[in-house]
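A closer look at the structure
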Amino acid sequence: MKKLALHWQIIIGLAFGLVYGIVAASNGWGDFTTDWVAPFGIIFMNLLKLIAVPLVLASLITGVASLSDLKKLSRIGGKTIGIYIGTTAVAVTIGLISVNVLQPGDKVPDLMKEKLQETYEADASSRFGSAEKVKNRGPLQAIVDMVPSNFFSSASSNRNMLQVVFAAIFIGIGLIQIPKDKGKPVLDFFEGLNDVVIKLVDLIMLMAPVGVFALIAQTINKVAGNDLAQVLELLGALGYYMVAVILGLLFHAVFTYTGLLKILTKMPLKTFYRGIAPAQLLAFSTSSSGATLPVTMERCEDELGVSEEVSSFVLPLGATINMDGTALYQAVAAVFIAQTLGMDLGIGAQLTIILTAVLASIGTAAVPGAGIIMLVIILEAVGVPTAGIALILGVDRILDMMRTVVNVTGDASVAVIVANSEGQLNIPNK
Ligand code: ASP
């Protein structure tokens, strides 16, 4: 019997998770779900995270070393970062248009505003601590933060992925510059490690349907608690806001990425979306582009025909700095909060949002819920009270799932575009 395609296996897990989650919430099985279902999701997610740092390290070192000269590295690097920043700025602009046209902030009933502020006040202020640290930094601190003083301490947390990326590129550059025979054993080691990690992705994905089932079930459990009616009320009140984010995300995925792929490459869209679907579904279930990275890389290489040289440079970098979905969401959320609080943001403030959202999304860690912490910086920049994030916290997880899908799709699209421009795209004949 032919094995069901991976994306179908994951969709089935997702659908069962959804049904189970709703049944569990209606029957008050919250504790049972936490004790007996959620652990499988945690194990699955941990396995993916476990291989993320070794993968970034091994693939970037071999990726940079295989570029063989610094000119090629700066050409591909410049191109990649340029497209990343350009598409993120487009994403923020789409978000701003969506929220200004739909005006979701005017549609929240006054009573609901007070209730939301009260319910999420404590939770919101717990996030300010993390944001406070970011806010009180000097202008160059973001660059300082990229350069680790001890490799092992940066590799000890998945939040420090940007430091690992820096260290790997740095080591790769060193490798290019020493005699080939000296560098060979080091390179061979990292190439071997890279292959091992990619093999582990296959093994971990055997568990994907169960893992996704458990992740979705527990997400619903956490959002709904044992009171489904409360969630429905929340979804009703924040429905317009969610629509503004989701429409923006859809528009960006459909028009910006699809348009760029169509104009700049010969990649058939069907091949692209079919190839990348498992990574998108995983992004949706885990809300983490970092945890999804191993699968994104594997799919780009095996199913889309992106060369290892390009994918191992473009994708780890993208997972850490390229977050179009997050930037778009941050723009909508900032204006929505301002609208709800009765503040009018002029064109100057909206331009500030474009700039800060692009920067904030670069600094956002590729983990669940990181986007809302960086949102605080944008709110500060345009003078909107940061306590306003209490208004949107209740539905943040759902939007996090969706923006992460766009983040991952963006990375894959840019990998295809860069590979194509370097003559390194070998679209498989499937
Ligand atoms: N969860 C997102 C990601 O990993 C980041 C965010 O919170 O927006 O891509």
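These lines cover the structure that appears in this document, whether it is placed above or below. (Residues numbered from 1 in each chain as written. Predicted model: local features only at pLDDT ≥ 70, side-chain atom pairs only at ≥ 80, totals over all residues. Heavy atoms only, no water.)

**Side note on the overall build of the chain**
Basically, it comes down to this: The secondary structure listing takes helices from DSSP runs of H or I that are at least 4 residues long and strands from runs of E that are at least 2 residues long, numbered from the N terminus. It is over C-alpha atoms that the radius of gyration is taken, and the globule rule equals 2.2 Å times the number of residues to the power 0.38. Residue exposure (1.4 Å probe, protein chains only): buried if accessible area is under 20% of the type maximum, exposed if over 50%, otherwise partly exposed. In what follows, residue pairs with any heavy atoms lying within 4.5 Å of each other are defined as contacts. Accessible surface is estimated by sampling points in the Shrake-Rupley manner with a 1.4 Å probe; for residues, cover comes only from the protein chains shown. Residues scored as charged are limited to Lys and Arg (positive) and Asp and Glu (negative), so that His and the chain ends carry no count. A charge is said to be at NZ when it belongs to Lys, at CZ for Arg, at CG for Asp and at CD for Glu.
A count of helical and extended segments in the chain gives 18 helices and 0 strands. Whereas a compact globule of 430 residues would reach a radius of gyration of roughly 22 Å, the chain reaches 21 Å, a difference of no more than 12%. With respect to the three principal axes, the spread of C-alpha positions in the chain is 70 × 55 × 45 Å. Burial status across the chain gives 54% buried among its 430 residues. If you take every contact in the chain between residues at least 6 apart in sequence, the share linking residues at least 24 apart comes to 85%. Surface exposure of the chain reaches about 18,800 Å², of which carbon and sulfur atoms provide 66%. On the chain, the mean spot of the 28 positive side-chain charges and the mean spot of the 31 negative ones are 8 Å from each other.

**Thoughts on helix α15 (residues 324-340)**
Put simply, the rule is: Helix span is expected to be 1.5 Å times the residue number reduced by one.
Taking 1.5 Å per residue, 17 residues should reach 24 Å; α15 reaches 24 Å between its end C-alpha atoms and fits that length. Taken across its 17 residues, α15 has 17 buried, putting it largely inside the fold. Once α15 finishes, Gly-342 follows within two positions and takes phi at roughly 75 degrees, a positive value.

**A closer look at the site of the ligand**
Spelled out, the test is: Nearness here has a simple test: a residue counts as near a molecule or strand if at least one of its heavy atoms is within 4 Å of that partner. The term polar contact refers here to a pair of N or O atoms within 3.5 Å; inside protein, the definition further demands a hydrogen-donor-capable atom paired with an acceptor-capable atom, and it admits residues adjacent in sequence only when both atoms are side-chain atoms. All residues other than Ala, Val, Leu, Ile, Met, Phe, Trp, Tyr, Cys, Pro, Asp, Glu, Lys and Arg, Gly among them, are scored as polar; the first ten of these are nonpolar and the last four charged.
The environment of the ligand is made up of 16 residues, and the closest members are Ser-289, Thr-326, Gly-371, Asp-400 and Arg-403. In this structure, an oxygen atom belonging to the ligand sits 3.4 Å away from a main-chain N or O atom of Ala-366. Breaking the shell around the ligand down by element, the ones donating at least two residues are α17 (370-382) and α18 (396-421). The element contributing the most residues to the shell around the ligand is α18, with 4 residues. Residue composition of the shell around the ligand, grouped by class: 6 nonpolar, 8 polar and 2 charged.

**A look at the side chain of Ser-154**
Here Ser-154 shows up in helix α6 (residues 151-155). Here the side chain of Ser-154 touches Phe-151 through a polar contact of 2.8 Å, landing on its backbone oxygen. Here Ser-154 is in contact with Pro-148, Asn-160, Gln-163 and Val-164, once residues within four sequence places are set aside.

**Regarding unusual backbone geometry**
The backbone of Gln-103 sits at a positive phi, close to 45 degrees, despite the residue not being glycine. For Ser-287, which is not glycine, the phi torsion reads 55 degrees and is therefore positive. Within the element layout of this structure, Ser-287 appears in the loop between α12 (269-286) and α13 (289-302). Classification of Ser-287 by relative accessible area gives buried; the value is 1%.

**A look at the layout of surface pockets**
Keep this limit in mind: Only protein atoms enter the calculation, which uses a 1 Å grid: trapped sets of points that fit a 1.4 Å probe without letting it out are cavities, open sets showing protein on both sides within 12 Å along at least five of seven lines are pockets, and any residue with an atom within 4 Å of a point is a lining residue. Grid points are joined across faces, edges and corners, and a volume is the space filled by probe spheres set on the points.
Roughly 690 Å³ of volume is contained in the second largest pocket. Around the second largest pocket, the lining is made up of 22 residues, and of these Gln-218, Thr-219, Lys-222, Pro-368 and Arg-397 lie nearest the centre. Taken together, the elements giving at least two residues each to the lining of the second largest pocket come down to α2 (30-66), α4 (110-135), α9 (208-224) and α18. It is α2 that contributes the most residues to the lining of the second largest pocket, 6 residues altogether. Residues that form the lining of the second largest pocket fall into these classes: 9 nonpolar, 6 polar and 7 charged.

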